Amino acid sequence: VAYYINYNGVNLSNLVSVMAVETTVLPSRENHAITIWERPGSIYNSYRYGERDIVVKFLIRATKQEYNSNPTGCMENKLNTLRNVFKVTAPKPLYLGTNTRYIYAVPEGDFKMTELRYDCYECEIQFVCHNPEYYSASVKASNNAMSSSTYGMRNLSNNSNTIEAYNGGNAS
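Along each chain, residues carry numbers from 1 onward, in the same order as the chain's sequence is written. Only residues with pLDDT of 70 or above have their local features reported here, since the model is predicted, and side-chain atom pairs are shown and tallied only from 80 upward, although totals for entire chains, interfaces and linings are computed over all residues. Hydrogens and waters are ignored; side-chain quantities use all the structure's heavy atoms.

Bringing the side chain of asparagine 6 into the picture now. The numbering of helices and of strands both runs from the N terminus, where a helix is a DSSP run of H or I of at least 4 residues and a strand a run of E of at least 2. Turning to its location among the elements, asparagine 6 is positioned in strand 1 (residues 5-7). Relative accessibility thresholds used throughout: buried, under 20% of the residue-type maximum; exposed, over 50%; partly exposed, between the two (1.4 Å probe, protein chains only). Given the relative accessible area of 9%, asparagine 6 is considered buried. N or O atoms within 3.5 Å of each other form a polar contact, as long as, within protein, one can give a hydrogen and the other can take it, and as long as residues adjacent in sequence are counted only when both atoms are side-chain atoms. Among the polar contacts listed, one links the side chain of asparagine 6 to the backbone nitrogen of valine 10, at a separation of 3.3 Å. What makes two residues a contact is simply this: any of their non-hydrogen atoms within 4.5 Å. Dropping the residues within four chain positions of it, asparagine 6 is found in contact with Asn11, Leu12, Pro93, Leu94 and Tyr95.

Structure follows, in structure tokens:
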């Protein structure tokens, strides 16, 4: 089974063979403190998560049939497809390993490529995720009435100024 990778709305799982995905468990964290002159040390104030970097290493290879039918152009067609997918002007959804969650990513730096053989290249691309959170691919909707599901809204009092909302999402 191929590793699932989808970027910019294009399923790349059948085009490339992912060798490695490098990322962090959490994005970098910067803690902020307040320093008061009359007091030793400082007081913890807040934190901020930084960007998340993701590096994807993969092989792109021509099949025997592709190579036999077009020996000089088969790899160029695949590389052109990748160039077009990664040529974006804004962050796009990046799915890695699963189609149930994505992160907004934009390529950064060079799209590195090493020719291993006439029909095989090893590639590496780095993504930066300015918004370091993953999002669920499934969309949930509510009809503003309590139902048996975990999603919904209801009035808490007779006036319509107070409502209770249920979000049945999870952290995965």
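Turning next to the side chain of aspartate 119. Topologically, aspartate 119 is positioned in the loop between strand 8 (101-117) and strand 9 (120-129). Among the polar contacts listed, one links the side chain of aspartate 119 to the side chain of arginine 117, at a separation of 2.9 Å. When sequence neighbours within four positions are dropped, the list of residues in contact with aspartate 119 reads Ile60, Arg61, Ala62, Tyr67 and Met75.

Stacked, tilted and edge-to-face pairs are distinguished by plane angle, under 30 degrees for stacked and over 60 for edge-to-face with tilted covering the rest, among Phe, Tyr and Trp rings (Trp via its six-membered ring) whose centres lie within 6.5 Å. One pass over the structure, following the stated rule, counts 12 aromatic pairs. A ring pair is formed by tyrosine 4 and tyrosine 95, whose centres lie 6.4 Å apart and whose planes are at 75°; its orientation type is edge-to-face. Of this pair, tyrosine 4 sits in the segment before strand 1 while tyrosine 95 is found in strand 7 (residues 92-96), placing the two residues 91 residues apart along the sequence. Tyrosine 95 sits in the buried class, given a relative accessible area of 16%. Geometrically, the ring pair formed by phenylalanine 86 and phenylalanine 127 is edge-to-face, given 6.0 Å between the ring centres and 70° between the ring planes. Placement of phenylalanine 86 in helix 2 (residues 74-86) and of phenylalanine 127 in strand 9 is noted, with a sequence separation of 41 residues between them. Phenylalanine 127 shares its class with phenylalanine 86; the two are buried. Two limits define a charge over a ring: the Lys NZ or Arg CZ must be within 6 Å of the ring centre, and within 35 degrees of the ring normal. The side chain of arginine 117 reaches across the aromatic face of tyrosine 118, ending 5.5 Å from its centre.

With that settled, consider unusual backbone geometry. Despite not being glycine, asparagine 8 has its phi angle at roughly 55°, a positive value. Checked against the element boundaries, asparagine 8 lands in the loop between strand 1 and strand 2 (10-11).

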